Protein chains: 2
Amino acid sequence: MNTTKTHETIRILGIDPGLRVTGFGIIDRNGQKLAYVSSGCIKTDDSLSLPERIKTILDGIAEVVDAHRPQQAAVEKVFVNVNPQSTLLLGQARGAAIAALVGRGLPVAEYTALQVKQAVVGHGKAAKEQVQAMVVRLLSLSGAPSADAADALAVAISHAHGGQGLGALATKGFRVKNGRLV
Amino acid sequence: MNTTKTHETIRILGIDPGLRVTGFGIIDRNGQKLAYVSSGCIKTDDSLSLPERIKTILDGIAEVVDAHRPQQAAVEKVFVNVNPQSTLLLGQARGAAIAALVGRGLPVAEYTALQVKQAVVGHGKAAKEQVQAMVVRLLSLSGAPSADAADALAVAISHAHGGQGLGALATKGFRVKNGRLV
């Protein structure tokens, strides 16, 4: 009788949406283990019309999904900007990104920047650089990914933790002190 | 030798985007003649998550495109709301609608509410009811479509006029006086 507990690997695609740059990051979660798969960003040409830029985002995400076949997706929640016009543009980019994901049949979870910081760094006041450094560490990356890709990987990590925050990392042998791994 | 000038029929899908209700209207344009094809609206359940509501919009537009096979699409430009959160939600709905259209290979044009009023009524200060009444008249409808469907048909009519406004209607036997057809 085999009593060994085995975990199924879940592939997660994280998205940090934006009209100019949409970051993406893919990780595999197996139990408490996380493994880096891929990351990068989709850039749109701001000389193109909005529908053409939306098509770039749509095609870019479709390409990533087709290449890596994630089973779940997570998208960062965006906040209203001081500039209402920017808020509208960002909203449209995010709507297009979510449409690309649900159009490929992926379940989409949403996380606020606060939830991402809490899940990745352990507290909601972490600086962007701290989040990026933790992404490098948690995924054992040899180099730092671009800021947009790192943010997208952080969203994927948040989803992998299932909202459990750094508590979920205890089994990995990390210890958290003052919001930093020690 | 046949010198008769013939026109190709172009089928146009107009969209009035919204998170709760997305109106759609389809017309055929043949030369200066416009013919009503179909109209209606896609409603999303506000108890669902944003990704699920976006999927409803995406699936609804895909269904309309598959059923009627329009060759061109036009989407009303939306404006920033006094409530930034509403602006963000509307932006996401509009981004999803455009994604649905470009995802089906449709070229997407954009028109402001001002352009739609000028194209359909002849001046930019027209009331919503005037626009709706003109849609009924221009398309020879027997009854009034819902407000969202009428707005979407108005966007399709604007696109059919190619920005020529009411001047393009002269050949239909209408005369414009003080922004009203007489």
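Residues numbered from 1 in each chain as written. Chains lettered and ligands numbered in written order. Predicted model: local features only at pLDDT ≥ 70, side-chain atom pairs only at ≥ 80, totals over all residues. Heavy atoms only, no water.

Here we come to the relation of the copies chain A and chain B. It takes a turn of 180° to lay chain A on chain B, together with a shift of 0.0 Å along the axis; the resulting RMSD is 0.0 Å. Both copies are brought into coincidence by an operation consistent with a two-fold rotation axis. Interface residue correspondence from chain A to chain B reaches 100%, placing this contact among same-surface, isologous pairings. (Least-squares fit on C-alpha atoms with pLDDT ≥ 70 in both. Contact = heavy atoms within 4.5 Å.)

Residues and elements named next belong to chain B. Here we have 5 strands laid out as an open sheet, ordered E3-E2-E1-E4-E5, and mixed in their pairing. Both outer strands of the open sheet, strand E3 (33–43) and strand E5 (108–111), are each paired with one neighbouring strand and no more. Direction aside, the axes of adjacent strands within the sheet are offset by 20° on average. As paired strands, strand E1 (residues 9–16) and strand E4 (residues 72–76) are joined by 4 bridges and run parallel to one another. Residue pairing across strands places Ile15 opposite Val75, the latter belonging to E4. Running at roughly 175° to E4, helix H2 (residues 84–103) makes contact with E1, E4 and E5 of the sheet. (Pairing = 2+ DSSP bridges. Helix = DSSP H or I, 4+ residues; strand = E, 2+ residues; numbered from the N terminus. Axes fitted to C-alpha atoms, helices over the stretch in contact; angles between N-to-C directions.)

This next bit is on the interface of chain A and chain B. If you look at the interface, chain A gives 23 residues, while chain B gives 23 residues. Across the chain A/chain B interface, buried area totals approximately 1,900 Å², and carbon plus sulfur atoms make up 78% of it. The largest share of the area that chain A buries against chain B comes from Pro51, Leu88 and Val102 of chain A, three residues that together contribute 27% of it. Between chain A and chain B we count 0 salt bridges in total. Linking chain A with chain B are 4 residue pairs in polar contact (both at pLDDT 80 or more). Elements with a minimum of two residues in the side of chain A that touches chain B: helix H1 (50–68), helix H2 (84–103) and strand E5 (108–111) of chain A. In terms of residue count, the dominant contributor to the side of chain A that touches chain B is H2 of chain A (13 residues). (Buried area = accessible area lost by both parts, 1.4 Å probe. Salt bridge = Lys/Arg side-chain N within 4 Å of Asp/Glu carboxyl O. Polar contact = N/O pair within 3.5 Å; in protein donor to acceptor, adjacent residues only side chain to side chain.)

A word on helix H1 (residues 50–68) of chain B. When the terminal C-alpha atoms of H1 of chain B are compared, their 27 Å separation across 19 residues agrees well with the 27 Å that a helix rising 1.5 Å per residue should span. Check the buried side of H1 of chain B and you find it contacts H2 and E5 of chain A together with E1, strand E2 (21–30), E3 and H2 of chain B. Just downstream of H1 of chain B, Arg69 of chain B is the residue with a positive phi angle, here 50°. (Expected span 1.5 Å × (residues − 1).)

It is worth spelling out unusual backbone geometry at this point. All names here are of chain A. One non-glycine residue, Arg69, lies in the positive phi region at around 50°. Its location among the elements puts Arg69 in the loop between H1 and strand E4 (72–76). At Ser140, a residue that is not glycine, the phi angle is positive and equals roughly 50°. Since its relative accessible area comes to 64%, Ser140 is described here as exposed. (Buried < 20%, exposed > 50% of the residue type's maximum accessible area, 1.4 Å probe, protein only.)

Pairing between the strands of a sheet is mediated by backbone hydrogen bonds and can be parallel or antiparallel. Residue and element names in this part refer to chain A. Taken together, the 5 strands give an open sheet; going across it, the order is E3-E2-E1-E4-E5, and neighbouring strands pair in mixed fashion. The open sheet has two edge strands, strand E3 (33–43) and E5, and neither has a second partner. Strand-to-strand twist in this sheet, taken as the mean axis angle between neighbours without regard to direction, amounts to 20°. Its contacts with the sheet place helix H3 (residues 113–120) against E4 and E5, and it is angled at close to 90° to E5.

Before going further, it helps to spend a moment on the pairing of E5 of chain A. Taken together, the 4 bridges between E4 of chain A and E5 of chain A define a ladder with parallel strand orientation. For Ala74 of chain A, the partnering residue across the bridge sits in E5 of chain A and is Ala109 of chain A.

A few words now on the confidence of the model for chain A. Per-residue confidence for chain A averages 88 on the pLDDT scale, and 86% of its residues sit at or above 70. A low-confidence stretch, residues 163–182 of chain A stays under pLDDT 50, and its non-local contacts, those more than four residues away or across chains, total 36 contacts. (pLDDT = per-residue confidence, 0-100.)

Within the secondary structure, Pro84 of chain B is located in helix H2. Among residues more than four places away in sequence, those in contact with Pro84 of chain B are Val80 and Thr87 of chain A.

Now for the pattern of salt bridges. All names here are of chain B. Under the counting rule described, the total for this entry stands at 10 salt bridges over all chains. A salt bridge links Arg11 to Asp28; the nearest nitrogen and oxygen atoms lie 2.7 Å apart. Of the two residues, Arg11 sits in strand E1 while Asp28 sits in strand E2, which places them 17 residues apart along the sequence.

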